Amino acid sequence: MNKNSNLGISLPDGKEINEYIKEYLQHGHFNNTLECFENEIKQKQAQHRQLKKQDDDLPRIYLLLKNDTLKTKREVNLEKEYKEFNKKYKQVLQAGRQIFSVSINLLQLLHSMKQTANNENLTETLENYKIQLGKYHKVIINEGKPEGNELITESVMQEHKTKLYKHYSDKNVDGMIELLLSLRVNALQIAPELRKNLVYELIRNDIFNIEATEKFDFVVNLLNINNQSLKHAITSLISVISSTLRGVEYLTYNGNMVIIEKVIKILKDQEDGTVTQRFCLAILQKCSIKENVIPTYVQFEMIQWIIALIQKSINTKIHVFCLDFASATLANIIHTPYTLQYLQRHSKLALQVFLAYYSNQIMESMLKFTRDQVQVSVLMHILICLSYMSKENFSKQMEECKFVDRISEFVEHQSVINTGENEAAEIDKKTVLDLCAHMFHPKDTSLDNSEQVELNELNTEDRIREYENEQGELIFECFQDEVS
């Protein structure tokens, strides 16, 4: 009896092993060896017996195939989690179907009311609701899998644009909201591999009339209208467009940052964690890949705002999306030469007392986060920010903040955290420690490739374009608590 039989593990028999070897010989075109091997098998078939040797006496191929059948603890846990998620997914899907059933009943009720109230605006609104409801319903009946394998047609795109401008001219806010959301619903419905092309079509059709007029009047006026539903609708569509580098270039046409400025203003006016705030952060994070937008972020004090948001999250619940995208944006801002030079320059301005320790305060705040309970993705973004500032140009600030000592304390604290049986926590811990080891390694000139890094970073946008061309698939934000 094999010593692993108690675990319910059986070794493959000789016949199975022979089949594997034959497949390998056929694949490698070892025809002569294969012929000899088959003849040898035929001669010994009468004497074939199930192996009963101990593991130590077996050829390695038996042990390899035996081990291949074993499941690791992680695989078992993942399988268990998958079943649990699948169960919850079906529950959510069922709830979605029930909601649509109620929505359809309400729509039918409104139609009966329309018969008595001859109102053209009500008729158009109902038709728009029917279109949107139908598209969302397709997503539900396909169990969340987008069925769209074609882009919005040219005529549909132009029709949406024409109606949008008519509603704008008529000051029909509800109509504008319906059209903007309809465009976004179309975007969400399209398969991920086609979404990049959809963004290009929105740009080609100049949906905001930016390139045709070389002005931003239309989209700026929409962003200025004091209506929360409209702000949600317009920022969600801008977020779709900003999902590609070409989209960011469209939104900052001719280097004009007015859309960025308006989005920052809306962001700061929102209550923390709202859907519109999330879309604003999504836009700003995506746009931060373009270095020419960073000065606007700095001048509009996005660094201070993001740090304040993270500080607030320590004692107040902030939506995880906001923290993740805000801290990622902060890393992109501080990464650029413009910001590093700005921080260095402003730390020396003696005439402006409140700015005298500007970079010191930022470094101090971020170091403090390493001791507070912030989510791992945010912590990693903060560590990346600190790595950008741990340069000779900031040696004074590093000394005043006791930078090296505090990073060492953080690493020591992380290394002794007991994650127990929590495998995800153990992975997070290892990732953070690996990141620290990579970024805050003691200076070694033999390993210093900073000049090479700077040369590589000159072509950042080219590499982003290349990545987009290879990747193809885009993810558009969609939140469960959206109200459309």
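Summary of the structure given here.

Some remarks on the overall build of the protein
Along its length, the protein carries 25 helices and zero strands. Buried residues in the protein amount to 41% of all 484 residues. The contacts of the protein with a sequence gap of at least 6 include a subset with a gap of at least 24, amounting to 73%. Of the roughly 28900 Å² of accessible surface on the protein, 51% is carried by carbon and sulfur atoms.

Quick notes on the pattern of salt bridges
Under the criterion given, the structure shown has 10 salt bridges. In this structure, the salt-bridge partner of Arg-204 is Glu-201, at a minimum N-O distance of 3.0 Å. Within this pair, Arg-204 and its partner Glu-201 are both found in helix α8 (residues 195-204), separated by three residues, close to a single helical turn. Owing to a relative accessible area of 53%, Arg-204 belongs among the exposed residues under this scheme. Among the residues examined, Glu-201 registers a relative accessible area of 19% and is labelled buried.

Structural notes on the nonpolar core
If you look at the biggest cluster of nonpolar residues, it comprises 97 residues, and the most contacted ones within it are Phe-208, Val-219, Ile-238, Ile-259, Tyr-297, Met-302 and Leu-383. Sorting elements by how many residues they give to this core places helix α17 (residues 320-335) first, with nine residues. Ignoring any residue separated from it by four or fewer positions in sequence, one finds Ile-259 in contact with Ile-210, Phe-216, Val-219, Ile-238 and Leu-251.

Overview of helix α13 (residues 258-269)
Taking 1.5 Å per residue as the helical rise, α13 with its 12 residues ought to reach 16 Å, and the 17 Å between its terminal C-alpha atoms agrees with that figure. Of the positions making up α13, those classed as buried are Val-258, Ile-259, Ile-260, Val-263, Ile-264, Ile-266 and Leu-267.

Things to note about the packing of helix α10 (residues 217-224) against helix α11 (residues 228-241)
Across the interface, α10 lies against α11 with an axial gap of 8 Å and an inter-helix angle of 140°. What the angle tells us is that α10 and α11 run oblique. For the pair formed by α10 and α11, the contact residues are Val-219, Leu-222, Leu-223 and Asn-224 on the first element and Leu-230, Lys-231, Ile-234, Thr-235 and Ile-238 on the second. Looking at the contact of α10 with α11 residue by residue, the class counts come to six nonpolar, two polar and one charged.

A look at the environment of Thr-431
Inspection of the secondary structure puts Thr-431 in helix α23 (residues 423-439). Measuring from C-alpha to C-alpha, the distance between Thr-431 and Met-380 comes to 8.8 Å, with 51 residues separating the pair along the chain.

A short note on the packing of α8 against α11
Across the interface, α8 lies against α11 with an axial gap of 9 Å and an inter-helix angle of 110°. In terms of axis orientation, α8 runs roughly perpendicular to α11. When α8 is examined against α11, the residues Val-199, Leu-202 and Ile-203 are found in contact with a partner set consisting of Leu-237, Val-240 and Ile-241. Residue classes in the contact of α8 with α11 are distributed as six nonpolar, no polar and no charged.

Comments concerning the packing of aromatic side chains
The full count for this structure, using the stated rule, is seven aromatic pairs. Relative to Phe-325, the ring of Phe-321 has its centre 4.0 Å away and its plane inclined at 20°; by these criteria the two rings are stacked. Residue Phe-321 and its partner Phe-325 are located together in helix α17, separated by four residues, close to a single helical turn. The two residues Phe-321 and Phe-325 agree in class, both being buried. Taken together, the aromatic side chains of Phe-279, Phe-321, Phe-325 and Phe-479 make up a single cluster linked through ring pairs. In this structure, Arg-278 is placed above the aromatic ring of Phe-479, and the distance from its NZ or CZ to the ring centre is 4.8 Å.

Section: the environment of Thr-419
Here Thr-419 lies in the loop between α22 (403-415) and α23. In this structure Thr-419 comes out as buried when scored by relative accessible area, which is 15%. For the pair Thr-419 and Lys-429, spaced 10 residues apart in sequence, the C-alpha separation works out to 8.2 Å. Among residues more than four places away in sequence, those in contact with Thr-419 are Ala-425, Glu-426 and Lys-429.

Calculation notes
- Along each chain, residues carry numbers from 1 onward, in the same order as the chain's sequence is written.
- Where local features are concerned, this predicted model is filtered to residues with pLDDT of at least 70; where side-chain atom pairs are given and counted, the filter is 80 or more; whole-chain, interface and lining totals use all residues.
- Hydrogen atoms and water are omitted, and side-chain values are computed over all heavy atoms in the structure.
- A run of H or I in DSSP becomes a helix once it reaches four residues, and a run of E becomes a strand once it reaches two; helices and strands are each numbered from the N terminus.
- Throughout, exposure labels follow a simple rule: accessible area from a 1.4 Å probe, protein chains only, divided by the maximum for the residue type, with under 20% read as buried, over 50% as exposed, and the rest as partly exposed.
- In this description, contact between two residues means that some pair of their heavy atoms is separated by no more than 4.5 Å.
- Only the protein chains shown count as cover for residues, with accessible areas throughout obtained via the Shrake-Rupley method and a probe of 1.4 Å.
- Salt-bridge detection follows one rule: a side-chain nitrogen of Lys or Arg within 4 Å of a carboxyl oxygen of Asp or Glu.
- The term nonpolar core refers to a set of buried residues drawn from Ala, Val, Leu, Ile, Met, Phe, Trp, Tyr and Cys, joined through side-chain atoms within 4.5 Å.
- Expected span, for any helix, means 1.5 Å times one less than how many residues it has.
- Orientation is described by lines fitted to C-alpha atoms, with helices fitted over the stretch in contact, and by angles between N-to-C directions that extend from 0 to 180 degrees.
- Between 65 and 115 degrees an angle is taken as roughly perpendicular, under 35 as roughly parallel, over 145 as roughly antiparallel, and anywhere else as oblique.
- For this classification, the nonpolar set comprises Ala, Val, Leu, Ile, Met, Phe, Trp, Tyr, Cys and Pro, the charged set comprises Asp, Glu, Lys and Arg, and every other residue, Gly included, is treated as polar.
- The aromatic pairing rule takes the rings of Phe, Tyr and Trp, using the six-membered ring of Trp, and pairs them if the centres are within 6.5 Å, calling planes under 30 degrees apart stacked, those over 60 edge-to-face and the rest tilted.
- Note on geometry: a ring has a charge over it if NZ (lysine) or CZ (arginine) is within 6 Å of the ring centre and within 35 degrees of the ring normal.

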